[in-house]
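# Secondary and tertiary structure notes
What follows is the residue order along each chain.
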Amino acid sequence: MANYGKVLISTDNLGLVYKLGRGNGKRKSGQASTLTALHDVSISVNEGEFVSVVGPSGCGKSTLLYILAGLYRNTSGKAYIHGHEIAGPSLDRGIIMQAYALFPWRTVQKNVEFGLEVKGLKKKEREEVALEFIDLVGLRDFADRYPYELSGGMKQRIAIARALAYDPDVLLMDEPFAAVDEQTRTLLHEELLRIWEKTHKTIIFVTHSIDEAIFLSDRVVVMTSSPGMVKDEIRVELERPRTNEIKSTPLFGSYRNDIWRHLQSLTDSTREVTTMQGRHILGAVPQEAVI
Amino acid sequence: MEHTEKKQNTLLTIYQKSILIVVIIVLWIIVPLYTDNIYVPSLIEVLKEFGKLAATGELFKHIGASLKIAFIGLAISQAIAIPIGVLIGWFKKVDTYLSPLLVVMRNTSILAILPLFVLLLGIGEVSKIAIIVWGCVFPTLINTIQGVKTVDSNLIRSAQSMGISNTGLFFKVVIPASSPYILAGFRLSASIALIVLVGAEMVGAFYGIGFMIFNAQHAYMIPRMYVGILTLAILGVLVNLLSTKLENGVLRWQESNTNAV
Ligand SMILES: Nc1ncnc2c1ncn2[C@@H]1O[C@H](COP(=O)(O)OP(=O)(O)OP(=O)(O)O)[C@@H](O)[C@H]1O
Ligand SMILES: [Mg+2]
């Protein structure tokens, strides 16, 4: 498969413990006052690699991305970028959040220019670069619109354009396509892969959809919850460029099986047998596996 | 036809919006002619007086004096309320230190403060401006605090992820994100400025609309008193119109639920 350069971003026994409550320590007796969101998470992502993270809700996926983005401080272990410990946010990493987080008072154009303003680019240069990336996500006609005038899929594309515009080395994406319909999502997948191949970014992609993870990634990291840990990693050796048809190949199916089994054993060990599993015949995997 | 239907609709809303006011105007013209109560002159008489006062320029002298004070007071109050509101909303410490005092001040009746201000600052413009400042600070202050405290944390994180400085965050995210609150506070303050002003002018003044009303009442110049009241009503409506326009202009980026057809 693809050969990638050296390690770009990595974690070493990373952990994060949240303090609960409003910091005054007044909690009902018996309730824990801390929550271990991440425990001993060690991952390593190479330059240009596309890695997905899947895992049950609440297993710490967003928390992990926030730490990598420099927005949250880990409470144990280390996180590195370019071999240096991550000390805070920086333009070498771009995060695309679960809820788009576009600035509603800025037009599409001005939203995409935001990082460039922070970077200190001149007005004219800013406008050119922003337009280039608005073009890249196919929304040139909407450059002067405000976010409220856009659909969910368009907002997501603008959030991607905004993150790409200031040219980070790593894109951290938190369930970016969770809120769009199936058809739009398929389109956005193809678009994202096209952009990825064109820009050679390193991407860490959090998702609930197993199919999405396999379709997009070179590698899928499976996480477990309470506390959030890495359960396993699956290397996806499907040929690129990938098209939608690949989802019905036996190889794709076996990856789906693999990941599903991991997640299933994980729910087995952490909870009572769930009704969800009861509905499936042992070993069979739903076509569109979503966790 | 869609076009004529739309036209009919606008006609209907104009009718719905104005019918009550029109009825009152008509009643105000007709009823006094039959009741013959000197305290309720017909609108015609009031308008005649209005014309007279406008022709001599006296009315505009009063309006000018009032507006000048209202404007200065409003400007000062907003210049105090917005920065302090932002600081209280953003810094927990400032909030802890200032809020109790502000709660006390806000809940002290402005009518109780007014005589004190007159004593301390005299019956000139200064005491009037001071009382307007007092009255106009709190709506904007409270709204600004609320606005800053409720800025979407995703937006803050998003900006921080792009390595923005703290000052940048303040001006590029916190202020614009809370601007709907700040402007709503401003609109409230603008109408309060006029209301408080009239009170101040009634306590001690030699000019201004409030003085004109008060003075006319004392001298039994009833139509003249109504001219003052009418002028104030018109000014109030104008101020509201202007501040709403400003609000809509600045907040173009907000989805308004009247856009849906
Ligand atoms: N600011 C916070 N304070 C306290 N606990 C938090 C905070 N943010 C998240 N948590 C807790 O940490 C755990 C991990 O949360 P996180 O948002 O990282 O999960 P996630 O895997 O992204 O979930 P989802 O798939 O639902 O988005 C959860 O149990 C959550 O309740
Ligand atoms: Mg999440």
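Attention in this report is confined to the structure presented alongside it. (Residues numbered from 1 in each chain as written. Chains lettered and ligands numbered in written order. Predicted model: local features only at pLDDT ≥ 70, side-chain atom pairs only at ≥ 80, totals over all residues. Heavy atoms only, no water.)

## Section: the pattern of salt bridges
- Applying the stated criterion to the full structure yields 22 salt bridges over all chains.
- Between A:Glu49 and A:Arg219 there is a salt bridge whose closest N-O contact spans 2.8 Å. Within this pair, whereas A:Glu49 is found in the loop between strand S3 (44–46) and strand S4 (50–54), its partner A:Arg219 is found in strand S10 (residues 219–224), the two being separated by 170 residues in sequence.
- Of the residues examined, A:Glu49 reaches a relative accessible area of 1% and is grouped as buried.
- A salt bridge links B:Glu58 to B:Arg224; its shortest N-O distance comes to 2.6 Å. Placement of the pair is B:Glu58 in helix H3 (residues 58–90) and B:Arg224 in helix H10 (residues 222–250), with a sequence separation of 166 residues.
- A residue is classified by how much of its surface remains accessible, and B:Arg224, at 11% relative accessible area, is buried.
- A cluster of three or more residues bridged by salt bridges with shared partners is formed by A:Glu49, A:Arg219 and A:Glu233. (Salt bridge = Lys/Arg side-chain N within 4 Å of Asp/Glu carboxyl O. Helix = DSSP H or I, 4+ residues; strand = E, 2+ residues; numbered from the N terminus. Buried < 20%, exposed > 50% of the residue type's maximum accessible area, 1.4 Å probe, protein only.)

## Overview of the coordination of the magnesium ion (ligand 2)
All names here are of chain A.
- Taken together, the protein ligands of the magnesium ion (ligand 2) are Ser62 (OG) and Gln98 (OE1), with distances of 1.9 to 2.7 Å. With Ser62 in helix H1 (residues 61–69) and Gln98 in the loop between strand S7 (93–96) and helix H2 (108–119), the pair connects residues that are 36 residues apart, well separated along the chain.
- For Ser62, a relative accessible area of 21% puts it in the partly exposed group.
- Owing to a relative accessible area of 42%, Gln98 belongs among the partly exposed residues under this scheme. (Donors = N, O, S within 2.8 Å, 3.2 Å for Na, K, Ca; no water.)

## Focus: a nonpolar patch on the surface
Residue and element names in this part refer to chain B.
- Together, Leu12, Tyr15, Ile19, Leu20, Val22, Val23, Val26, Leu27, Ile30, Val31, Leu33 and Tyr34 make up an exposed nonpolar region whose accessible area comes to about 1,200 Å².
- Here Ile30 lies in helix H1 (residues 2–35).
- Looking at Ile30, the relative accessible area reads 39%, which means it is partly exposed. (Patch = residues over 30% accessible without salt bridge, like charges linked within 9 Å, V, L, I, M, F, W, Y side chains within 5 Å. Areas by Shrake-Rupley, 256 points an atom, 1.4 Å probe, with all protein chains shown as cover.)

## Remarks on the nonpolar core
- If you look at the biggest cluster of nonpolar residues, it comprises 105 residues, and the most contacted ones within it are A:Leu68, A:Ile259 and B:Val173.
- Top contributing element to this core by residue count: helix H4 (residues 152–165) of chain A, with eight residues.
- Residue contacts for A:Ile259: discarding those within four places in its chain leaves A:Val54, A:Ile210, A:Ile214, A:Val220, A:Val222 and A:Ile234.
- With 43 residues, the next largest nonpolar core counts B:Trp134, B:Ala200, B:Val227 and B:Leu232 among its residues. (Core = buried A, V, L, I, M, F, W, Y, C linked by side-chain atoms within 4.5 Å. Contact = heavy atoms within 4.5 Å.)

## A look at the interface of chain A and chain B
- Contacts between the two partners involve 24 residues from chain A, matched on the other side by 19 residues from chain B.
- A buried area of about 2,000 Å², summed over both sides, lies between chain A and chain B, and 68% of it is on carbon and sulfur atoms.
- Looking at the side of chain A facing chain B, the largest losses of area belong to A:Trp105, A:Phe114 and A:Tyr148, adding up to 32% of the total buried there.
- If you look at where chain A meets chain B, you find one salt bridge.
- As a salt-bridge pair, A:Glu117 and B:Lys172 come within 2.5 Å of each other at their nearest N and O atoms.
- Inspection of the chain A/chain B interface yields five residue pairs in polar contact (both at pLDDT 80 or more).
- Broken down by secondary-structure element, the contributors of at least two residues to the side of chain A that touches chain B are S7 and H2 of chain A.
- Per element, the largest residue contribution to the side of chain A that touches chain B is four residues, and it comes from H2(A).
- Among the residues making up the side of chain A that touches chain B, the classes are represented as 18 nonpolar, two polar and four charged. (Buried area = accessible area lost by both parts, 1.4 Å probe. Polar contact = N/O pair within 3.5 Å; in protein donor to acceptor, adjacent residues only side chain to side chain. Nonpolar A, V, L, I, M, F, W, Y, C, P; charged D, E, K, R; others polar.)

## Focus: the site of ligand 1
Residue and element names in this part refer to chain A.
- Near ligand 1 there are 14 residues, and of these Ser57, Gly58, Lys61, Ser62 and Thr63 occur at the shortest range.
- The backbone of Gly58 places a nitrogen or oxygen atom 2.9 Å from an oxygen atom of ligand 1.
- Taking Ser62, its side chain carries an N or O atom lying 2.7 Å from an oxygen atom of ligand 1.
- Relative to its unbound accessible area of 630 Å², ligand 1 is 67% covered by the protein chains.
- When residues of the shell around ligand 1 are traced back to their parent elements, those giving at least two are strand S2 (34–41) and H1.
- Here the shell around ligand 1 gets three residues from one element, more than from any other, and that element is H1.
- Split into classes, the residues belonging to the shell around ligand 1 amount to five nonpolar, seven polar and two charged. (Near = heavy atom within 4 Å.)

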